[in-house]
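# A structural walkthrough
Residue strings, one per chain:
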Amino acid sequence: GKDIHAASRIANALTDLGLVAGDRVAIYMPMVPEAIVAMLACARLGVMHSVVFAGFSASALRARVEDAEAKMVITTDGQYRRGSAVSLKDAVDEAVAAQPSIKHVLVVRRTGIDVSWTDGRDLWWDETVANASADHTPEAFDSEHPLFLLYTSGTTGKPKGVVYHHR
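Here goes a summary of the coordinates provided.

### Points about the pattern of salt bridges
Within this structure, the stated rule accounts for 10 salt bridges. Of the charged contacts, one joins Asp93 and Lys89 as a salt bridge, the two residues approaching to 2.7 Å between their closest N and O atoms. Of this pair, Asp93 and Lys89 both sit in helix α4 (residues 89-96), separated by 4 residues, roughly a single helical turn. You can call Asp93 buried: its relative accessible area is 16%. Here Lys89 falls in the buried class, since its relative accessible area comes to 0%. In this structure, Arg121 and Asp122 form a salt bridge, with 2.6 Å as the shortest nitrogen-oxygen distance. Considered together, Arg121 and Asp122 belong to a single accessibility category, that of buried residues. In the salt-bridge network here, residues are joined through shared partners; they are Lys89, Asp93, Arg121 and Asp122.

So, in structure tokens, the structure goes:
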């Protein structure tokens, strides 16, 4: 069913997990509704999100997580390629290994495939959102407050993050 309060629920869940305005979150997902919900939730909190194309490698994700000092990666268990389910979580695990900034990996059940799991760090989206309140008042921010971080492709060197503001 459609949850019109999904962004509010995730915003509350992210707050419960310790995220505050100014923190950074990497979103590494295929084209699923939860990707948009995650972006909206971050905007409500003043948390900068960085969308990382789900076709990028673990090393490309790692470079962006490391540069942004992201506290969380939001991802799916996997995605469909030519009709077959392939893991995204494996790439995330590789990317966040030994990354001191990462506190949590929030995982949407997309394909139902088995994924490796790190207790205390990894959380299922549906279980995390289930207990979150639908009541959330977005914070007011200055027009110059960072909204999201967009990285250059990195084809001519290390990817560079460009900050976009609320305006």
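Once the structure has been displayed, the description carries forward.
### Some words on the packing of aromatic side chains
Evaluation of the coordinates by the stated rule reveals 3 aromatic pairs. Aromatic side chains Phe53 and Phe56 sit 5.5 Å apart centroid to centroid with 85° between the ring planes, which places their arrangement in the edge-to-face category. Here Phe53 falls in the exposed class, since its relative accessible area comes to 53%. Centre to centre, the rings of Trp117 and Trp124 are 4.5 Å apart; their planes meet at 20°, and the pair counts as stacked. The class for Trp117 is partly exposed, based on a relative accessible area of 30%. Directly above the ring of Trp124 sits Arg109, whose terminal nitrogen or CZ lies 4.0 Å from the centroid.

### With respect to the pairing of strand β3 (residues 72-76)
Of all 5 residues making up β3, 5 are buried, and the element is well covered by its neighbours. Alternating positions in β3 separate into two faces, Met72, Ile74 and Thr76 on one and Val73 and Thr75 on the other, with burial throughout. Strand direction decides the pairing type here: strand β1 (residues 24-28) and β3, joined by 4 bridges, are parallel. Counted as the bridge partner of Ile27 is Ile74 from β3. The sheet contact formed by β3 and strand β6 (residues 104-108) spans 5 bridges and is parallel. Each residue of the ladder has a partner; that of Val73, found in β6, is Val105.

### What to know about the packing of helix α3 (residues 58-68) against α4
With their axes 8 Å apart at the nearest point, α3 and α4 run at an angle of 45° to one another. As far as their axial angle goes, α4 and α3 are oblique. As α3 packs across α4, the resulting crossing turns out to be right-handed. For the pair α3 and α4, the contacting residues are Ala58, Leu61 and Arg62 in the first and Ala91, Val92, Glu94 and Ala95 in the second. Along the lines of polarity and charge, the residues of the contact of α3 with α4 split into 5 nonpolar, no polar and 2 charged.

Definitions and cut-offs
- Residues numbered from 1 in each chain as written.
- Predicted model: local features only at pLDDT ≥ 70, side-chain atom pairs only at ≥ 80, totals over all residues.
- Heavy atoms only, no water.
- Salt bridge = Lys/Arg side-chain N within 4 Å of Asp/Glu carboxyl O.
- Helix = DSSP H or I, 4+ residues; strand = E, 2+ residues; numbered from the N terminus.
- Buried < 20%, exposed > 50% of the residue type's maximum accessible area, 1.4 Å probe, protein only.
- Phe/Tyr/Trp six-rings, centres within 6.5 Å; stacked < 30°, edge-to-face > 60°.
- Lys NZ or Arg CZ within 6 Å of the ring centre and 35° of its normal.
- Pairing = 2+ DSSP bridges.
- Axes fitted to C-alpha atoms, helices over the stretch in contact; angles between N-to-C directions.
- Parallel < 35°, antiparallel > 145°, perpendicular 65-115°, else oblique.
- Left-handed = near helix turned anticlockwise from the far one by under 90°.
- Contact = heavy atoms within 4.5 Å.
- Nonpolar A, V, L, I, M, F, W, Y, C, P; charged D, E, K, R; others polar.

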